[in-house]
Each structure stands twice: as C-alpha cells, then as structure tokens.
Amino acid sequence: MPTADPGVRAPVDPRLVARTRDHLAAFLRALHDAGLSVPATKQRDFHAGIEAVAPSTPGQLYWVGVATIVTSESGHPVFDEVFRRFFGSPEDAVLVVDEPAEAPEKQDGDEDEEEQGSAPAGDEVEDLLVTETSGSGLRAGLGSPELPKRFGRTSASAHAVMREIAAELPRAVPRARSRRHRPGRRRHRVDLRAVYLESRRTQGEIVRLRWRHRPTQPRRVLVLIDVSGSMKQHSPDHLRFAHTVLATCSGVEVFTFGTRLTRVTAALRHRDVDEALDSLAPLVLDADGGTLIGESLTELLADPHVVTMARGALVLVLSDGLERGDCTAMIGAVGRLSRLAHQLTWWSPLACDPAYRPLTRGMAAVVGDLDALAGVRDLETALAQVRSSFSHAPAHHPRRRNHD
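Remember, predicted model here, so these are calculated numbers, not experimental data.

A. Highlighting the nonpolar core. Counting 40 residues, the largest nonpolar core has Ile165, Ile225, Phe241, Val254, Leu268, Leu280 and Trp347 as its most contacted members. If you list the elements that add at least two residues to this core, you get helix 7 (156-172), strand 6 (221-226), helix 9 (235-248), strand 7 (252-257), helix 10 (265-268), helix 11 (273-278), strand 9 (314-318) and helix 16 (379-387). Counting residues per element, this core draws most heavily on helix 7, which supplies 6 residues. Residues contacting isoleucine 225, with those up to four places away along its chain left out, are His238, Leu239, Ala242, Val254, Phe255, Thr256, Phe257 and Leu318. Of all hydrophobic cores here, the second largest spans 30 residues; its members include Leu301, Val306, Met309 and Leu373.

B. Just the pairing of strand 7, in detail. Within strand 7, 6 of the 6 residues are buried, which leaves it mostly tucked inside the rest of the structure. Side chains Val252, Val254 and Thr256 of strand 7 all project onto a buried face; the interleaved residues Glu253, Phe255 and Phe257 project onto the opposite face, where all are buried too. Relative to strand 7, strand 6 runs parallel, the two sharing 6 bridges. Its bridge partner lying in strand 7, valine 221 is registered against valine 252. Between the parallel pair strand 6 and strand 7, the chain is carried across by helix 9, and the sense of this crossover is right-handed. Both strand 7 and strand 8 (residues 261-263) contribute to a ladder of 3 bridges, which runs antiparallel. Residue pairing for strand 8: phenylalanine 257 is matched across the bridge by leucine 261. Taken together, strand 7 and the strand that follows it, strand 8, pair antiparallel across an intervening segment of 3 residues.

C. View of the side chain of aspartate 226. Structurally, aspartate 226 is set in strand 6. A polar side-chain atom of aspartate 226 sits 2.8 Å from a polar atom in the side chain of serine 228. Apart from residues lying up to four places away in sequence, aspartate 226 is in contact with Met231, Ser235, Phe257, Thr291, Leu318, Ser319 and Asp320.

D. The arrangement of the packing of helix 3 (residues 58-69) against helix 4 (residues 75-87) in detail. Axis separation between helix 3 and helix 4 bottoms out at 11 Å; the angle between their running directions is 145°. As helix 3 runs across helix 4, the sense of the crossing is right-handed. Between helix 3 and helix 4, the residues in contact are Pro58, Leu61, Tyr62, Gly65, Val66 and Ile69 and His76, Phe79, Asp80, Phe83 and Phe87, respectively. Class assignment for the residues of the contact of helix 3 with helix 4 results in 8 nonpolar, 2 polar and 1 charged.

E. Inspection of the packing of aromatic side chains at higher detail. Scanning the entire structure with this criterion turns up 12 aromatic pairs. Measuring from ring centre to ring centre gives 5.8 Å for phenylalanine 27 and phenylalanine 86, while their planes differ by 65°; the resulting arrangement is edge-to-face. With phenylalanine 27 in helix 1 (residues 14-33) and phenylalanine 86 in helix 4, this pair connects stretches of sequence that are 59 residues apart. Assigned by exposure class, phenylalanine 27 and phenylalanine 86 land together as buried. The rings of Phe27, Phe46, Tyr62, Trp63, Phe79, Phe83, Phe86 and Phe87 are connected pair by pair, giving a single aromatic cluster.

F. Fine view of unusual backbone geometry. Here the phi dihedral of alanine 54 falls at roughly 50°; this positive angle occurs in a residue that is not glycine. Secondary-structure assignment places alanine 54 in the loop between helix 2 (40-53) and helix 3. One non-glycine residue, aspartate 288, adopts positive backbone phi at about 65°. Checked against the element boundaries, aspartate 288 lands in the loop between helix 11 and helix 12 (293-301).

G. Spotlight on the packing of helix 7 against helix 9. Where helix 7 contacts helix 9, the axes come no closer than 9 Å and their chain directions differ by 45°. Overall, the two elements helix 7 and helix 9 adopt an arrangement that is oblique. Helix 9 is crossed by helix 7, and the crossing has right-handed handedness. Facing Met162, Ile165, Ala166, Leu169 and Pro170 of helix 7, the residues of helix 9 in contact are Arg240, Phe241, His243, Thr244, Val245 and Thr248. A per-class count over the contact of helix 7 with helix 9 returns 7 nonpolar, 3 polar and 1 charged.

H. The arrangement of the sheet that holds strand 8 in detail. Strand order in the open sheet formed by 6 strands is 8-7-6-9-10-11, and the pairing between neighbours is mixed. Each end of this open sheet is capped by a strand with a single partner; those strands are strand 8 and strand 11 (372-375). Between one strand axis and the next, the sheet turns by 20° as a mean value, whatever way the strands run. Pairing analysis gives 5 bridges linking strand 6 to strand 9, with the strands arranged parallel. Bridge assignment links valine 221 to a residue of strand 9, and that residue is leucine 314.

Calculation notes
Residues numbered from 1 in each chain as written. Predicted model: local features only at pLDDT ≥ 70, side-chain atom pairs only at ≥ 80, totals over all residues. Heavy atoms only, no water. Core = buried A, V, L, I, M, F, W, Y, C linked by side-chain atoms within 4.5 Å. Buried < 20%, exposed > 50% of the residue type's maximum accessible area, 1.4 Å probe, protein only. Helix = DSSP H or I, 4+ residues; strand = E, 2+ residues; numbered from the N terminus. Contact = heavy atoms within 4.5 Å. Pairing = 2+ DSSP bridges. Right-handed = clockwise from strand over helix to strand, strands pointing away. Polar contact = N/O pair within 3.5 Å; in protein donor to acceptor, adjacent residues only side chain to side chain. Axes fitted to C-alpha atoms, helices over the stretch in contact; angles between N-to-C directions. Left-handed = near helix turned anticlockwise from the far one by under 90°. Nonpolar A, V, L, I, M, F, W, Y, C, P; charged D, E, K, R; others polar. Phe/Tyr/Trp six-rings, centres within 6.5 Å; stacked < 30°, edge-to-face > 60°. Parallel < 35°, antiparallel > 145°, perpendicular 65-115°, else oblique.

Here it is, written out as structure tokens:
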C-alpha cells in the first residue's frame with residue numbers, strides 16, 4: 001500500500017464541513033436565545049480566535065469562546081450551560097459532533113490514521129468554518145460571522161399606523177414633470193396631429209384646438225435603513241415603513257446597512273409584512289452589529305444602476321449617523337448622494353429630542369448636504385413626518401445646492 005505524502009492533507013468530507021459549520025452557527029444562535037448578547041463583533045472575534053488557535057479539543061474551544069464572547073461574570077453560567085448542551089463538558093466533548101453518514105471501510109494499516117483523525121487538525125478546523133456566499137449582498141465567513149435577525153411580529157396598532165402612512169404617501173412623495181407630452185386640457189402645447197385629424201372631418205375647418213401637456217409623476221424613492229446595534233430598537237419599525245413605501249409607491253429601492261450593504265427590495269415585496277420581515281433573516285446578517293456608513297454608501301454609489309436610480313429621486317436615510325472610525329468616506333458619499341438626489345432627507349431617532357444637535361464628527365460634516373434632518377424612532381413619528389411631506393428642514397443646516 002503506497003504511503004501518503006505527509007505534506008498533502010486529505011480532502012475534508014463536505015458533509016462534515018456542513019455539519020460543523022451549522023453546529024457552530026446553531027451554538028451562537030442558542031447563546032443569543034439564552035440571553036447572552038452575541039453581537040457581530042463578538043462573533044467575528046470568536047471565529048478569528050478559532051482560526052488563530054485552531055482548537056483540536058473541546059477545552060481549547062471552550063476557552064476561545066470564553067475569551068471572545070463572555071464579557072461579564074453573569075454571562076459565564078449561560079455560556080457554560082449552552083456549551084455543555086452542544087459539546088458536552090470541556091473535558092470530554094468532541095468538537096466535530098457528527099460522523100459522516102457512510103464511513104469508508106477501514107483498510108489494513110489505517111489504525112494509526114483513525115486514531116489521529118478522531119478530531120480535526122488545526123488547518124481542517126479552518127476549512128470547516130469558512131463559507132462564502134455572494135450575489136445577494138452577504139458574505140458570511142470568518143470575516144463577518146453574523147447570525148440571522150428576527151424582527152418580531154407586527155401589532156394591530158402598527159398595522160393601523162401603516163395604513164395611515166399608505167394613505168398619506170401619494171401626497172407626500174415629491175413629484176416630477178414627465179418628459180413625454182400627453183393629451184389633456186392644460187394649454188401647454190397644441191396637439192397638431194389631433195387638430196389635423198379632426199379638421200379632415202370638417203372639410204379642413206379647425207373647429208377646436210387640441211392640447212398636449214407634460215403631466216407630473218411621483219419621483220423615485222431610495223430608502224437606506226441602518227440596522228446596526230445602536231439602531232436595534234428602531235430598525236424593525238423602519239423596515240415596516242419601507243415595506244409600506246414599496247407597497248404604495250412605484251420606483252422604490254430599499255437597502256440596509258450596518259457593516260455591509262444589502263439590497264432587500266425583493267424580500268420586502270411580500271404582501272404580508274411579517275412574512276416579508278421573516279424573509280430578511282437569511283439576508284440581513286449584520287443586524288445589531290457595528291456601523292460602517294461611509295463604506296456602505298460608497299459601495300452603493302459604485303453601482304451604476306443605483307446611481308441612475310438616485311438621480312432626481314427622494315433619498316431617505318434612516319440612521320442615527322454614529323459612524324465608527326474615520327468619517328472621510330461617509331462625508332464624501334453623502335455629499336455625492338446629495339448632489340444626485342432631488343431631496344436628501346435624514347431621519348434619526350436622536351433628533352426626536354428637542355435638544356439634539358448634530359455634533360458628532362460625521363453628522364456635523366454632512367448636515368449641510370441634507371434637505372431635512374428630522375426625528376423618527378417608530379411608525380408614529382414616521383407618520384408625522386410623512387404628513388409634513390418630508391419637508392421639515394431645520395434652519396440650522398441649509399443645503400448646499402450644487403448638482404452633478
């Protein structure tokens with residue numbers, strides 16, 4: 001029997017990859033459900049710790065989790081209970097929970113390999129934990145290991161407010177004059193073709209003039225919703241508002257952003273709002289995490305389709321504006337978005353406080369590019385702003401009107 005090259009690793013069973021990946025994701029989800037906060041930053045540290053330590057025993061995995069997830073004394077009992085449920089005690093649990101369904105027959109001389117393969121080696125652990133999905137705005141892996149977010153049920157009172165918002169939106173969304181002329185009574189341009197055809201029935205006599213005009217139509221709407229940790233209690237109602245806008249208006253696009261940008265327009269088109277929000281769970285994986293407003297808006301403006309859609313549109317940003325780190329990207333992206341849009345409105349829950357002033361570095365720098373900065377924290381305050389037709393613009397930040 002030929003001797004295996006020690007420098008070449010045997011391929012990992014894909015079923016084992018899926019089981020290990022799903023088991024770790026379920027473990028983190030169970031910690032969250034048990035009351036231990038596991039935001040995106042802790043999840044990232046946990047996976048980065050696994051990559052760095054390459055734990056081959058449950059005890060090593062246990063201490064990686066304690067070091068990266070548990071930040072208070074009260075969190076230890078919850079972590080220990082959930083860890084034992086998924087992996088047993090740190091002394092006798094196994095990291096890989098399930099064996100492949102059909103194990104290959106053992107050949108002579110494989111005893112040593114079987115003893116060494118009872119737990120995956122460090123490099124194999126890295127392979128088992130890395131997964132990447134592209135094409136839908138999400139990239140799950142060691143760089144961004146987040147959990148699906150559930151946004152809860154919509155109450156009867158919330159449904160009532162959403163119906164009121166739907167009734168007000170057609171009057172609230174700004175309108176633009178169409179580029180095409182249509183027949184009508186407004187005396188904008190003589191409809192020569194209609195006049196000629198009618199005169200043929202009267203032996204060339206022009207009895208009545210016909211007119212064409214350019215009717216108005218609602219502008220496109222671009223909604224950008226912050227789902228970071230600081231917006232945790234507000235983002236569900238903001239998504240319900242976006243669902244109402246999609247159901248009421250035409251030409252609407254909706255994106256969420258936290259540590260990444262995700263297009264959620266198709267998911268929110270479901271007729272039932274709760275089913276629409278449930279469909280966001282596998283998409284919006286950066287909910288309750290950090291905030292990278294500048295990077296998200298820069299990625300948004302790198303898409304030519306979005307740039308075309310935003311030109312002359314109503315752009316509505318629902319965020320507290322608490323950017324993390326350098327604000328240069330945020331300032332540049334908001335400035336360009338302001339020049340593209342017909343109207344750039346920023347709704348912040350912080351602005352519900354009458355004493356609020358945009359004093360953070362990011363908001364202080366971009367406030368001059370906004371048409372309106374208003375306070376919205378739930379559906380009721382959103383309804384109040386819709387009734388004011390998105391026109392509440394405090395005097396302390398007039399917009400600089402220079403367009404691309």
